[in-house]
Amino acid sequence: DADRPKVSMSGNMKFGGENIYLNKEAVIMIDEAQDLQREYANAFVRMMLDTGCDIVMVGDKMQSLMYADNIFVTMMEEDLPGIDVISLDYLDLPR
């Protein structure tokens, strides 16, 4: 836990040597999220509930290189009280 970023009650945290402020106006964008383990979901849910920030994840749960049970499985299939999960269907067109 010593290496884990600490978020103050005001939403301030030090990350990458910078002070950042997470609140309901903050949005965290994550690309290629299908390659994150499901344990990341717990951290992201905690961040959203504690700070009110939004997290937008982009990826394809079927294209995970490492994990069959990836973050999308957790976010889309488990009940997450206080979290609205919006999943958009997409059209995969060959180029």
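The structure under discussion appears in the preceding block.
Residues numbered from 1 in each chain as written. Predicted model: local features only at pLDDT ≥ 70, side-chain atom pairs only at ≥ 80, totals over all residues. Heavy atoms only, no water.

1. Focus: the overall build of the protein
Right, so step 1: A count of helical and extended segments in the protein gives 2 helices and 4 strands.
Right, so step 2: Helices and strands in the protein line up, N terminus first, as β-β-β-α-β-α.
Right, so step 3: Taking all contacts inside the protein whose residues are at least 6 apart in sequence as the whole, residues at least 24 apart take part in 63%.
Right, so step 4: Counting only carbon and sulfur atoms, one obtains 53% of the accessible surface of the protein, whose full area is about 7,500 Å². (Helix = DSSP H or I, 4+ residues; strand = E, 2+ residues; numbered from the N terminus. Contact = heavy atoms within 4.5 Å. Areas by Shrake-Rupley, 256 points an atom, 1.4 Å probe, with all protein chains shown as cover.)

2. Describing a nonpolar patch on the surface
Right, so step 1: Together, Val27, Met29, Val56 and Val58 give the surface a local cluster of nonpolar side chains, amounting to about 360 Å² of exposed area.
Right, so step 2: Mapped onto the secondary structure, Met29 falls in strand 3 (residues 27–30). (Patch = residues over 30% accessible without salt bridge, like charges linked within 9 Å, V, L, I, M, F, W, Y side chains within 5 Å. Salt bridge = Lys/Arg side-chain N within 4 Å of Asp/Glu carboxyl O.)

3. Side note on the packing of aromatic side chains
Right, so step 1: A complete count under the given rule lists 1 aromatic pair for this structure.
Right, so step 2: Ring centres of Tyr40 and Phe44 lie 6.1 Å apart, and the angle between their planes is 40 degrees; this geometry places the pair in the tilted category. Of this pair, Tyr40 and Phe44 both sit in helix 1 (residues 39–51), 4 residues apart, which is roughly one turn of the helix. (Phe/Tyr/Trp six-rings, centres within 6.5 Å; stacked < 30°, edge-to-face > 60°.)

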